[in-house]
Every structure is written in C-alpha cells, then in structure tokens.
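Structural overview for review
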Amino acid sequence: MLSGTSALLGAIAAVERDGGQAVLATVVKVEGSAYRRPGARMLIPLYGGTVGTISGGCLESEVAKKAWWLTDAGEPVIRRYSTEAQGEDDDQDAALTFGLGCNGTVHVLLERHSAEQPLAVLELLRRVRASGQAGAVAMVIGSYRNARVRVGERLLLHPHGSDSGRLLDPALDARVRADLAETLARGRSSLRTYRDARGEIEVFCEYLPPQRRLVIFGAGHDAQPLVHMAKLLDWHVTVIDGRSHFARAERFVEADAVLQVDTAAPYALHHLTDGALVAVMSHSYSQDRHWLGGVLQGNPAYIGQLGPRERSERLLGEIAARGAELPALDRLHYPIGLDIGGDTPESVATAILAEMSAALHRRSGGMLRHRQAAIHAPTPQACSEIEAATRLTAS
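First, a word on scope: everything that follows refers to the structure included in this document. What you see is a predicted model; the values in this text were computed from it and never measured.

Here is what the cut-offs are and how they apply
Residues numbered from 1 in each chain as written. Predicted model: local features only at pLDDT ≥ 70, side-chain atom pairs only at ≥ 80, totals over all residues. Heavy atoms only, no water. Axes fitted to C-alpha atoms, helices over the stretch in contact; angles between N-to-C directions. Helix = DSSP H or I, 4+ residues; strand = E, 2+ residues; numbered from the N terminus. Parallel < 35°, antiparallel > 145°, perpendicular 65-115°, else oblique. Left-handed = near helix turned anticlockwise from the far one by under 90°. Contact = heavy atoms within 4.5 Å. Nonpolar A, V, L, I, M, F, W, Y, C, P; charged D, E, K, R; others polar. Disulfide = S-S within 2.5 Å. Pairing = 2+ DSSP bridges. Buried < 20%, exposed > 50% of the residue type's maximum accessible area, 1.4 Å probe, protein only. Core = buried A, V, L, I, M, F, W, Y, C linked by side-chain atoms within 4.5 Å. Salt bridge = Lys/Arg side-chain N within 4 Å of Asp/Glu carboxyl O.

**Digging into the packing of helix 5 (residues 223-232) against helix 9 (residues 345-360)**
Following both chains from N to C, one finds helix 5 and helix 9 inclined at 45 degrees, their axes separated by 8 Å at the closest point. Classified by the angle their axes make, helix 5 and helix 9 are oblique. Viewed along their axes, helix 5 and helix 9 form a crossing whose handedness is right-handed. On helix 9, the residues that touch P225, L226, M229 and A230 of helix 5 are P345, E346, A349, T350, I352 and L353. Taken together, the residues of the contact of helix 5 with helix 9 sort by class into 8 nonpolar, 1 polar and 1 charged.

Okay, structure coming up:
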C-alpha cells in the first residue's frame, strides 16, 4: 500500500488517466501549534476519497467539503483554519475556527488540477521523485490589493538546476529566484516577505527533498518488518544479501529492490549507500564485516550495526586492521536502535527506525515530555525591502 508522496502521485496519475479533476490542498503557512507543517498536501478528487493529510484529522473533512465550491472560479484560494479554544466569526477575514484548543492557525492553498490544466508543482514533484534529486518551489501566498503578482503564482527550480515559471513583477521575480536557489542549497523551506512602498508580498519557498533511501544488508526474518515499516514512511527500500536463498523478491514484496550480491567481490555499492540510511543486520559475521567495511568507506547519512557492542567493536577492529580510511565512522550507531525495550522483530524494527529518524532530525530520541523546546522547529521567516527600482517597476 502506497503512502506519503507516492500515494499522492499515484492518485494524481489516476485522476489524469481517467480524464478527471481534483483539488490540491497544500499547507503553506502555520501559526502556532499544528499537526502538519508547511508543504503537507492532500488531493481531493471529484469522485472518491481524499489522499494525504493536512492535519491530524480535524481539518480534512471540512476542507474536502468546501474545496470545490471555493475553487469554482478556477483561481487559487487561501483558506485559514484556526484551532484556537475560543471561536471567532467565520467571515471573509477570519479563520474558520474549530475550538480544539491547539492554539494554531493553518493556511491552506486550494487549487484545481486536471490533465488539461495541470499544476506545475505536481510535475516538479514527479521529477524530484524520478531523479532522486531535490527541487524547490516558491509560491505567492499573500499580496496587497492591486499588486502585479497574484496568490498562487510560482517559480520552480527543477532537479539539476533548470527553472520554470515567472512572477509578473520582474524585479520581484529576480529577488525570489535568488532566494529559491538559496532554499535549494540550504535544504530548508522558509517564509519570506518582500516589502515595497505599496505593501507586502508573502512567498512560501518550499524545499522538495528526494525520497529517503534505506539500504538493508541482510535478508533475514527481522528485515521483513523493517521493510514494511519503512514503506509506511514512504522510503525507498533496498534489501541486499549474499545468500540467494534469503535475497528473494517474494520474501520482500514491498521492497523497491532485492539484490543478491557476492561478498567475495570488492564492495561496489556506494552508488546505493551514499546519502542513504544503512542497516547492517545479516546475522553473518563475515557478511557484516564485508558490508560494514564497505559502507564506512563511503558517505551514507546513517549506519546502524545490529548485534552486541562487543561483536561490533570486534568487527571494527578487524576492518581497521586492513588499513582503509573510514570517513563515515562518525555516523556509525551500535548497537543499532533506541532503547525502547522489546525483542520481537517488530520491536527491533521500531527501535531502528526511531533512531534513524532521530539522527536525521538531529534529535536525541528522548521522551517528548522531557523536551523543553517546541516539538516542531518553526519555519524560518525573512523580510526584505525591495529596492527603489523595483518599486517603480511595480507602480
């Protein structure tokens, strides 16, 4: 079963194949507390159920109910939804209030999509997924009355550097393009406000990351729940083993690839493991030594070694004795996983994925009740003045 962006892209392909229409709902701004962050998307087909989520379940029904009516004119629309404890009037200038007590406001962009009038951002998502390279998109989410730019206008930066789209204000276009390139380089979304003599224009610069990749060395029974849970996170999963009776596709039907690789040959899998999360768990000492030794010479995002600490340190001693440089040693975690208890394959898989997620987000993996800071880091915001020449252009 597909999840995340894979499910969204699959649903979009089905809509286009059937000649149908859909509304794309995108979270573009969050104030206060909210379950999903900017960039969360939900597809609302004309027929059938919604795909994806933009909240913890409290907003989806309301958005789906009114999305078609709100976009009836064919123009993009921003709708605000508040989860404040005290409600307020649901008029044109106020957020629709649900009174959930979460003290947050979610800004949702609603846009029509069809094969005849496709949304460029969805094609960009396809390119990011197909290429394995990141992209970025800047979209106008607020502007003053009679501004030359409109809500929903976009600039797109594709994988490998090409761009598309434009803003009707040339000087603002140039400024946003520079900030979009910075978004791609830094790998982080941000909200930006551009101010001129007539008012402010708010732009959401969104970083579109490639699909997260997981490589599992070892095709034993305990790798099966790890594959399943990683696919629930919409990760690309490759399973590798030197034993042909383990490395069989029918044993890992959810995996994107299952490879049988001879451990007698030199390690030649850096194209798979560089930038990826890696779990070494073959339960074979000789295989683990081969896989771990090869991975440590590359550039993975994370490496985890299954097994007792003493076993892993013995492996490292033998690998180091061969004299090869090990640049990824600082990314090695052993024993792999967070200390959550349990010894079933499912418990082990949960602990492994939890530690991988914590490492990716630079978290300690502790209990949230002990965390003093906010659960989610706020989306960075920047405000800049547009130079005098730009003001003249926009007049």
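**Describing the state of the cysteines**
Tallied over the full model, the rule gives 0 disulfides. The structure places no disulfide on C205, whose sulfur is separated from the nearest cysteine sulfur, that of C383, by 13 Å.

**A word on the sheet that holds strand 10 (residues 190-196)**
On the basis of which strands lie adjacent, the open sheet formed by 6 strands has the order 9-8-7-11-10-18 and mixed pairing. Here the strands that pair on one side only, and so sit at the sheet edges, are strand 9 (163-165) and strand 18 (381-385). Ignoring which end each strand starts from, the neighbouring axes of this sheet average 20 degrees apart. Alignment of strand 10 against strand 11 (residues 199-208), held across 7 bridges, turns out to be antiparallel. Bridge pairing in strand 11 places T193 opposite E202. Sitting on the sheet, helix 3 (residues 120-131) touches strand 7 (135-142), strand 8 (154-157) and strand 11, and the angle it makes with strand 8 is about 15 degrees. Docked against the sheet, helix 4 (residues 170-186) engages strand 7, strand 8, strand 9, strand 10, strand 11 and strand 18, running at close to 40 degrees with respect to strand 8.

**Concerning helix 7 (residues 285-295)**
Across the 11 residues of helix 7, 8 count as buried, placing the element largely inside the fold. Those residues of helix 7 not exposed but buried are Q287, D288, H290, W291, L292, G293, G294 and V295.

**With respect to the side chain of E153**
Here E153 is to be found in the loop between strand 7 and strand 8. The contacts of E153, once residues within four sequence positions are left out, are A138, M139, V140, R148, R166, L167 and L168.

**Brief notes about the nonpolar core**
Counting 22 residues, the largest nonpolar core has L214, I216, L226, W235, V237, V239 and M356 as its most contacted members. For this core, the secondary structure elements donating two or more residues are strand 12 (213-217), helix 5, strand 13 (236-241), strand 15 (277-280) and helix 9. Beyond its immediate chain neighbours, meaning those up to four positions away, V237 contacts L214, I216, V227, A230, K231, A255, D256 and A257. Counting residues in each nonpolar core, the second largest holds 19 residues, with Y267, V295, I319 and L332 among its members.

**Considering the pattern of salt bridges**
Two side chains of opposite charge can pair, provided their charged atoms sit close to one another. Under the counting rule described, the total for this entry stands at 24 salt bridges. Two residues, D163 and R177, come together in a salt bridge whose shortest N-O distance is 3.2 Å. You can see D163 sitting in strand 9 and its partner R177 sitting in helix 4, a full 14 residues away along the chain. The salt bridge partner of K231 is D256, with a shortest N-O separation of 2.8 Å. Of this pair, K231 sits in helix 5 while D256 sits in the loop between strand 13 and strand 14 (257-260), placing them 25 residues apart in sequence. On the accessibility criterion, D256 (40% relative accessible area) is partly exposed. Bridged by salt links that share partners, the residues E16, E123, R126 and R127 form one connected network.

Keep in mind these numbers describe shape, not what the thing actually does.
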